[in-house]
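# Fold and contact review
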Amino acid sequence: MIGYVTLGTTDLPRAAVFYDALLAGIGAKRLWDSPRGIGWGTSPQQPSLAIMKPFDGKPATVGNGVMVGLVVKTREQVDQLYQKAMSLGAKDEGPAGPRGEGFYAGYFRDMDGNKLCFFCAS
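These numbers come from a predicted model, not from an experiment.

## Remarks on the overall build of the protein
The secondary structure content of the protein amounts to two helices and eight strands. For 122 residues, the compact-globule formula gives about 14 Å, and the C-alpha radius of gyration of the protein, at 14 Å, lands near that figure. For the protein, the C-alpha atoms occupy an extent of roughly 45 × 30 × 25 Å along the three principal directions. Going through the 122 residues of the protein one by one, you find that 38% of them count as buried. Of the contacts made within the protein by residues no fewer than 6 positions apart, 50% connect residues no fewer than 24 positions apart. Entry remark: accessible area of the protein is about 7000 Å², with carbon and sulfur atoms responsible for 56%. Of the side-chain charges in the protein, 13 are positive and 11 negative, and the distance between the mean point of each set is 3 Å.

## A word on the environment of Thr42
Topologically, Thr42 is positioned in the loop between strand 3 (37–41) and strand 4 (48–52). With 11 residues separating them in the primary sequence, Thr42 and Leu31 have C-alpha atoms 8.3 Å apart. Apart from residues lying up to four places away in sequence, Thr42 is in contact with Ile26, Gly27 and Ala28.

## Points about the pattern of salt bridges
For the structure on display, the rule yields six salt bridges. Where Arg14 meets Asp112, a salt bridge forms, and the shortest distance between an N and an O atom there is 3.1 Å. Taken together, the residues Arg14 in helix 1 (residues 12–23) and Asp112 in the loop between strand 7 (103–109) and strand 8 (115–121) connect sequence positions 98 residues apart. According to the relative accessible area criterion, Arg14 is partly exposed, its value standing at 32%. The class of Asp112 is buried, set by a relative accessible area of 18%. Residues participating in the shared-partner salt-bridge network are Lys91, Glu93, Arg109 and Lys115.

Definitions and cut-offs
Residues numbered from 1 in each chain as written. Predicted model: local features only at pLDDT ≥ 70, side-chain atom pairs only at ≥ 80, totals over all residues. Heavy atoms only, no water. Helix = DSSP H or I, 4+ residues; strand = E, 2+ residues; numbered from the N terminus. Rg over C-alpha atoms; globule rule 2.2 N^0.38 Å. Buried < 20%, exposed > 50% of the residue type's maximum accessible area, 1.4 Å probe, protein only. Contact = heavy atoms within 4.5 Å. Areas by Shrake-Rupley, 256 points an atom, 1.4 Å probe, with all protein chains shown as cover. Lys, Arg positive; Asp, Glu negative; His and termini not counted. Charge placed at Lys NZ, Arg CZ, Asp CG, Glu CD. Salt bridge = Lys/Arg side-chain N within 4 Å of Asp/Glu carboxyl O.

In structure tokens:
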């Protein structure tokens, strides 16, 4: 059902460096690029993630309670990608680990404060 998720940024070049490096770890590449934003995905037929400067020209803000969950196949991938996010300057919101039976996730915020997690269900 989800076609894409858009996160706001106030610094597109900085966000591009962060997401280029981070999303390469799940095989995502840039699907499109514009002066206001960039979109990544594994294919045009799959859901994608985009960062955008807000249309109204005001600073990007973070939605309280909004989070993007990015699914991966293994716990090892969760660990690796969570650590990659930390090395790229993300802020810890809950280290990679089990979150109840059959759910493993690592939570972080990007430099604009957007909350994301990598997770796998087993």
